[in-house]
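Listed here are the chains, written in short residue letters.
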Amino acid sequence: MDSMFSTDEIQGANALVLGASRSGMAAARLLKDAGANVYVSEIRPLADLESAATEFENLGIVFETGGHRLKEFPIPDFAVVSPGIPTNAPIVDQLKRQGRPVVSEIEVASWFYIGTVIAITGSNGKTTVTRWIEHTLRQAKLNAIACGNIGYPFCDMVRDHQKVTHAVVEVSSFQLETVTSFHPHVSVLTNISEDHLDRHVDMEGYAKAKARVWMNQQKDDFAVIPKGDELIASISLSIRPQTIHVSLDHVPKMGAGVEDGEIRLQLNGQTESIMRVDELPIPGRHNLANALCAAAACRILKLSPEEIREGLQSFPGVPHRLEVVTNNGRVWINDSKATNVDSLRVALEAVRGPVVLIAGGRDKGASYESLRELVKEKVEELLLIGEGADRFQQELGDLVTTKSVGDLSVAVREADELAEPGATVLLSPGCASFDQFKNFEERGDVFRDLVRDLNVSDEVSESGEKSE
Ligand code: ADP
């Protein structure tokens, strides 16, 4: 499908942007640059939007705050909806009833972008796969940039970097709900788990939103998908792009997989060895799955097996996801992104025991029962922080020495006392961060600083001893 709007049609068009979120702002800027008349409507009050308001004024963008009234605005030719606004919100319904196209910021960016799009979606692993593909392409000297749901809107990327040949775009299911002509050459669906069901109501609706990533792909495009997942198999049965499978226990006929401890690809009728699994720079079977997705995507984009090996191997990982902060005889790992039980489980599976585990935070109500075997096997000490401490204590406290320590600084101090040489100290909270932090990034940053301070004070006392 051609773009829903050509750049000519955008000149002078009335574009309504719903929500002055980061992506809404990016869409407004890009559309304004392209000559559209841009109107922004935001539900939050003006007092919360000072820097956005200044920018709109400077750019000559008309805006209203404190609700979507739209009374002062002309009838829009199309509306851009922020991912935070549900597609069944009254304002979206109203626009659709009036026959106005309602699209996402990703869709808008795609009208302007002429390079190759690689789109990554799924419940887990999106950011890791996005960054891993970006890194591998750049190592191979391609002009690739990661953008989208990773915190750098696709629209901003289009404005900032005209010469990018490969846009590696992380796309959430919410953004996919409102794409129309967005057309990736390579799509990657990492997995589908039962997360995110609150807004999508049921699994089928959630899966359908994900399936929109294939909607505009053609026969000469590629869809990388995991093999062996019934739901994914059923929704991808009759898709148009060529299907490239990913498997952790064999090498699919058209795809990426593992055999004899090696990552191997089979995309051109022959088997190509990429590297040994134990040479991967980040741990865990989940990251092996992520590596396979990245390898498949990069091979489709014509990187050589050697270039792929180099890219996979030199990947530094993504901050806050099993990030090794330091190894001072004990390995200190920041996995602050683990905001649910599933992520805590994959972290425990991935790291070497014995583990001093720091967990807790804002409890999301899910049971910790599924962690019992792993905790018994690997965890030596459990240090609990924040609101969720009590339930951890109730459900896992009989298995290991458990202590509720309140906050992260005490947890790090205690861990420093308790962890023997060779142990792993793992911050993998299994809970949201909002009880004590702004977000998981802040929680991880604080942890990293506390751990580095420990190291500095170790060094200081050591050098102090020497000078005495
Ligand atoms: P997303 O962007 O989809 O949230 P990330 O790459 O940021 O994914 O990883 C977030 C967390 O999801 C990781 O800390 C890890 O616990 C888990 N995870 C990552 N990749 C996978 C995977 N392939 N399968 C299952 N869980 C994963």
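**Examining the site of the ligand**
Alright, step 1. Close to the ligand lie 15 residues; Thr127, Thr128, Asn290, Arg321 and Lys337 are nearest.
Alright, step 2. Take Lys126: an N or O atom from its side chain is 2.9 Å from an oxygen atom of the ligand.
Alright, step 3. Taking Thr128, its side chain carries an N or O atom lying 2.5 Å from an oxygen atom of the ligand.
Alright, step 4. Its free accessible area being 560 Å², the ligand has 89% of it covered by the protein chains.
Alright, step 5. Of all elements in the fold, only helix H6 (126–139), helix H12 (285–300) and helix H14 (341–350) reach the threshold of two or more residues within the shell around the ligand.
Alright, step 6. By residue number, the principal contributor to the shell around the ligand is H6, which donates three residues.
Alright, step 7. Tallied by class, the residues present in the shell around the ligand amount to one nonpolar, nine polar and five charged.

**Regarding the sheet that holds strand E8 (residues 166–170)**
Alright, step 1. Pairing within the open sheet is mixed, and its nine strands lie in the order E7-E8-E6-E9-E10-E11-E12-E13-E14. Looking at strand neighbours, the two that pair on one side only are strand E7 (144–148) and strand E14 (271–276), the edges of this open sheet. Ignoring which end each strand starts from, the neighbouring axes of this sheet average 20 degrees apart.
Alright, step 2. One ladder, built from five bridges, connects strand E12 (residues 255–259) with strand E13 (residues 262–266); its direction is antiparallel. Looking across to E13, one finds that Gly255 is bridged to Gln266.
Alright, step 3. Most of the contacts of helix H13 (residues 305–313) go to E14, to which it runs at about 25 degrees, and overall it touches E13 and E14.

**Brief notes about the nonpolar core**
A general feature of soluble globular proteins is that nonpolar side chains tend to end up buried together.
Alright, step 1. Membership of the largest hydrophobic core comes to 55 residues, with the highest contact counts inside it found for Leu31, Phe78, Val108, Phe112 and Phe154.
Alright, step 2. A per-element tally of this core places helix H2 (residues 22–33) first, with six residues.
Alright, step 3. In contact with Phe78, not counting residues within four places along its chain, are Phe5, Ala13, Asn14, Ala15, Leu16, Leu31, Pro101, Val103 and Trp111.
Alright, step 4. Ile120, Phe222, Ile263 and Ala297 belong to the second largest nonpolar core, which has 40 residues in total.

**Thoughts on the side chain of Gln175**
Alright, step 1. Counting through the fold element by element, Gln175 comes out in helix H8 (residues 173–176).
Alright, step 2. Here the side chain of Gln175 touches Ser172 through a polar contact of 2.9 Å, landing on its backbone nitrogen.
Alright, step 3. Apart from the residues lying within four places of it in its own chain, the contact partners of Gln175 are Pro83, Ser104, Glu105, Ile106, Asn149 and Glu170.

**Regarding the packing of H6 against H12**
Alright, step 1. Between H6 and H12, whose axes approach to 9 Å, the crossing angle comes to 45 degrees. One way to sum up the angle between H6 and H12 is to call them oblique. Between H6 and H12 lies a crossing of right-handed hand. Residue-level inspection shows Thr128, Val129, Trp132, Ile133, Thr136 and Leu137 of H6 in contact with H12, the latter providing Asn287, Asn290, Ala291, Cys293, Ala294, Ala297 and Cys298.
Alright, step 2. Residue composition of the contact of H6 with H12, by class: nine nonpolar, four polar and no charged.

**Some words on unusual backbone geometry**
Alright, step 1. Of note, the amide linkage connecting Gly353 to Pro354 takes the cis form, showing an omega dihedral of -5 degrees.
Alright, step 2. As for its placement among the helices and strands, Pro354 is situated in the loop between H14 and strand E17 (355–360).
Alright, step 3. Its identity as a non-glycine residue notwithstanding, Lys141 has a phi of 70 degrees, on the positive side.
Alright, step 4. Along the polypeptide, Lys141 turns up in the loop between H6 and E7.
Alright, step 5. A positive phi angle, near 45 degrees, is found at Leu322, a position not held by glycine.
Alright, step 6. With respect to the helices, strands and loops of the structure, Leu322 is situated in the loop between H13 and strand E15 (323–327).

**With respect to the side chain of Thr326**
Alright, step 1. Along the polypeptide, Thr326 turns up in strand E15.
Alright, step 2. On the basis of relative accessibility, which here comes to 16%, the residue Thr326 falls in the buried class.
Alright, step 3. In this view, Thr326 contacts Val331, Trp332, Val451 and Asn455; residues no more than four positions away in its chain are not counted.

**Quick word on the pairing of strand E2 (residues 37–41)**
Alright, step 1. E2 sits mainly inside the fold: four of its five residues count as buried.
Alright, step 2. The pairing of strand E1 (residues 14–18) with E2 spans five bridges and is classified as parallel. By the bridge assignment for E2, Leu18 is matched with Ser41.
Alright, step 3. A crossover links E1 with its parallel partner E2, the connecting element being H2, and its sense is right-handed.

**Brief notes about the packing of aromatic side chains**
Alright, step 1. Overall, the coordinates contain eight aromatic pairs when judged by the stated rule.
Alright, step 2. Aromatic pair Phe5 and Phe78: ring centres 4.8 Å apart, planes at 40 degrees, arrangement tilted. Taken together, the residues span a long stretch of sequence, with Phe5 in the segment before helix H1 (7–10) and Phe78 in strand E4 (residues 78–81) at a distance of 73 residues. There is no split in this pair, since Phe5 and Phe78 are both buried.
Alright, step 3. Centroid distance Tyr368 to Phe392: 3.9 Å. Interplanar angle 15 degrees. Geometry classified as stacked. Of this pair, Tyr368 sits in the loop between E17 and helix H15 (372–378) while Phe392 sits in helix H16 (residues 389–396), and the two are 24 residues apart along the sequence.

**Some details on the packing of H2 against helix H3 (residues 50–59)**
Alright, step 1. Where H2 meets H3, the axes come as close as 11 Å, and the angle between the chain directions of the two elements is 5 degrees. With respect to each other, H2 and H3 are oriented roughly parallel. Contact residues: H2 offers Met25, Ala28, Arg29 and Lys32, while H3 offers Ala52, Glu55, Phe56 and Leu59.
Alright, step 2. Residues of the contact of H2 with H3, tallied by class, amount to five nonpolar, no polar and three charged.

Rules behind the numbers
- Residues numbered from 1 in each chain as written.
- Predicted model: local features only at pLDDT ≥ 70, side-chain atom pairs only at ≥ 80, totals over all residues.
- Heavy atoms only, no water.
- Near = heavy atom within 4 Å.
- Polar contact = N/O pair within 3.5 Å; in protein donor to acceptor, adjacent residues only side chain to side chain.
- Areas by Shrake-Rupley, 256 points an atom, 1.4 Å probe, with all protein chains shown as cover.
- Helix = DSSP H or I, 4+ residues; strand = E, 2+ residues; numbered from the N terminus.
- Nonpolar A, V, L, I, M, F, W, Y, C, P; charged D, E, K, R; others polar.
- Pairing = 2+ DSSP bridges.
- Axes fitted to C-alpha atoms, helices over the stretch in contact; angles between N-to-C directions.
- Contact = heavy atoms within 4.5 Å.
- Core = buried A, V, L, I, M, F, W, Y, C linked by side-chain atoms within 4.5 Å.
- Buried < 20%, exposed > 50% of the residue type's maximum accessible area, 1.4 Å probe, protein only.
- Parallel < 35°, antiparallel > 145°, perpendicular 65-115°, else oblique.
- Left-handed = near helix turned anticlockwise from the far one by under 90°.
- Right-handed = clockwise from strand over helix to strand, strands pointing away.
- Phe/Tyr/Trp six-rings, centres within 6.5 Å; stacked < 30°, edge-to-face > 60°.

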